[in-house]
Every structure is written in structure tokens, then in C-alpha cells.
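Now for the letters of each chain:
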Amino acid sequence: MAEIIIVNVVASATIGKELMLQDIAFQLEGSEYDQDRFPGLIYKLAEPKTAVLIFRSGKVVCTGARSIPDVYVAINKVVDKLRDMDMPVLDEPIITIQNIVATTTLSSTLNLIQIALSLGFDHIEYEPEAFPGLVYRMDDPKVVLLLFGSGKMVCVGAREINDIKNAVRNIAEELSTAGLLRNSN
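Report on the accompanying structure.

Here is what the cut-offs are and how they apply
- Residues numbered from 1 in each chain as written.
- Predicted model: local features only at pLDDT ≥ 70, side-chain atom pairs only at ≥ 80, totals over all residues.
- Heavy atoms only, no water.
- Pairing = 2+ DSSP bridges.
- Helix = DSSP H or I, 4+ residues; strand = E, 2+ residues; numbered from the N terminus.
- Contact = heavy atoms within 4.5 Å.
- Axes fitted to C-alpha atoms, helices over the stretch in contact; angles between N-to-C directions.
- Phe/Tyr/Trp six-rings, centres within 6.5 Å; stacked < 30°, edge-to-face > 60°.
- Buried < 20%, exposed > 50% of the residue type's maximum accessible area, 1.4 Å probe, protein only.

**With respect to the sheet that holds strand 3 (residues 41-45)**
Okay, step 1: Read across the open sheet, the 10 strands follow the order 2-3-4-5-1-6-10-9-8-7; overall the sheet is antiparallel. The strands lining the two open edges of the sheet, one partner per strand, are strand 2 (31-32) and strand 7 (124-125).
Okay, step 2: Pairing analysis gives five bridges linking strand 1 (residues 5-16) to strand 5 (residues 59-65), with the strands arranged antiparallel. Among the inter-strand pairings, A11 is bridged to a residue of strand 5, identified as C62.
Okay, step 3: Strands in contact with helix 3 (residues 112-119) are strand 7, strand 8 (134-138) and strand 9 (143-147); relative to strand 8, the strand with the most contacts, it is inclined by about 30°.

**Overview of the packing of aromatic side chains**
Okay, step 1: This model, assessed by the stated rule, comprises two aromatic pairs.
Okay, step 2: Ring geometry for F131 and F148: centres 5.8 Å apart, planes at 65°, overall edge-to-face. Pair noted here: F131 is in the loop between strand 7 and strand 8 and F148 is in the loop between strand 9 and strand 10 (152-158), with a separation of 17 residues, a long-range link.

**Remarks on the pairing of strand 3**
Consecutive side chains of a regular strand alternate in pointing toward one face of the sheet and then the other.
Okay, step 1: Residues of strand 3 alternate between two faces, with L41, Y43 and L45 buried on one and I42 and K44 left unburied on the opposite face.
Okay, step 2: Direction of pairing for strand 2 relative to strand 3: antiparallel, over a ladder of two bridges. Among the inter-strand pairings, E32 is bridged to a residue of strand 3, identified as I42.
Okay, step 3: With five bridges connecting them, strand 3 and strand 4 (residues 50-54) associate as antiparallel partners. Within the sheet, the bridge partner assigned to L41 lies in strand 4 and is I54.
Okay, step 4: Hairpin remark: strand 3 followed by strand 4, antiparallel, with four residues in the connecting loop.

**Things to note about the pairing of strand 9**
Okay, step 1: Across the five residues that make up strand 9, a large majority, five, are buried.
Okay, step 2: Here strand 9 shows two buried faces, one formed by V143, L145 and L147 and the other by V144 and L146.
Okay, step 3: Across five bridges, the pairing between strand 8 and strand 9 is antiparallel. In the sheet register, M138 faces strand 9, and the bridge partner there is V143.
Okay, step 4: The hairpin formed by strand 8 and strand 9 contains four residues between the paired strands.
Okay, step 5: Direction of pairing for strand 9 relative to strand 10: antiparallel, over a ladder of four bridges. Each bridged residue has a counterpart across the sheet, and for L146 the counterpart in strand 10 is V154.

None of the figures reported here should be taken as evidence of function without further support.
This is the structure:
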């Protein structure tokens with residue numbers, strides 16, 4: 001199987017009850033908060049390189065992580081900082097992976113028109129005038145694949161790494177079976 005590179009993991013978490021964002025912004029160095037532009041506080045971490053959006057409701061969204069463990073590290077760092085400020089946060093944040101974005105390269109160039117015709121238009125969007133890739137909405141696992149003529153592929157919507165591995169394997173098998181992928185691994 002081709003190397004799969006995770007480029008972004010997005011997760012949400014419940015870290016507490018009502019949070020006073022104005023107080024946090026005042027104390028949390030490097031945070032950005034402008035309630036007129038965005039309802040949450042933005043806090044960027046250097047390590048792991050992520051952005052954590054903190055909302056008044058006690059919910060947070062972590063984006064930019066390159067792995068699931070990085071999500072846990074980033075959210076727990078934020079929780080620790082808030083705890084140090086005496087903010088009402090949970091001891092164990094409830095973290096849910098929402099989306100994993102990954103890239104890979106299939107073993108050959110792709111004829112997107114043939115793929116669109118072969119796989120049918122029920123799950124495919126292909127409008128080369130608007131977007132150079134073919135959008136394939138896979139049912140199992142439930143992810144979206146962006147296929148490009150170069151053989152590059154982007155997988156979005158996965159919630160587990162195995163979903164990405166299964167999606168890559170499934171699309172490679174489908175394309176090989178249809179004779180649209182020459183050197184499938």
C-alpha cells in the first residue's frame with residue numbers, strides 16, 4: 001500500500017462548563033479574541049503545531065494536528081493552562097475526532113473520465129472546468145476521496161486511521177478490477 005500522510009486532524013472536545021473568554025484572553029499569552037469577528041478565542045500552539053478554538057460553552061475545536069496523539073497533547077496543554085488560571089475545566093476532557101485528512105499517491109496516473117464512467121455518477125462529481133479532481137463519495141468507509149489525474153489522492157471525512165487505509169485499499173481494488181489502475185499494490 002502507498003504511504004499515507006496525515007495532513008490534518010480536527011477534533012472537538014468538552015473541557016468544561018461556561019468559560020469566561022475575556023478573562024482567558026487577558027491571561028493567556030498569544031491568544032486572540034475578538035467577539036465581534038468570531039465567537040471563540042483562538043490559541044495557537046507551537047508544539048504540537050495546532051490551533052485550538054475555545055468557546056464560552058466549554059467546547060473546544062483543535063485543528064492542524066498531524067496525528068491523533070498530537071490532538072490529545074494540544075487539548076491537554078490548553079486544559080492545563082486554563083486550570084493554572086483557575087478556570088472551571090474537567091480533569092479528563094472528552095475528545096472526539098471529527099475529521100482526518102490524508103494524502104497518498106496511487107500507483108499510476110488516472111484517466112478521470114474513464115473512472116467517472118466506470119464507477120457511475122451516483123457517488124461521483126466530476127466537473128473539470130470547475131475543479132481538476134474527481135470527487136468520489138465512498139459508502140464504506142464513509143469518506144470522500146479527491147482523485148487527480150497525476151495519481152494523487154486526498155481522503156477527507158475519516159474518523160479513524162483504519163478508515164483511510166480501507167478507503168485507499170478499496171479504491172485501488174475498484175480501479176484495478178475496472179482496469180483503470182495499472183500497478184495496484
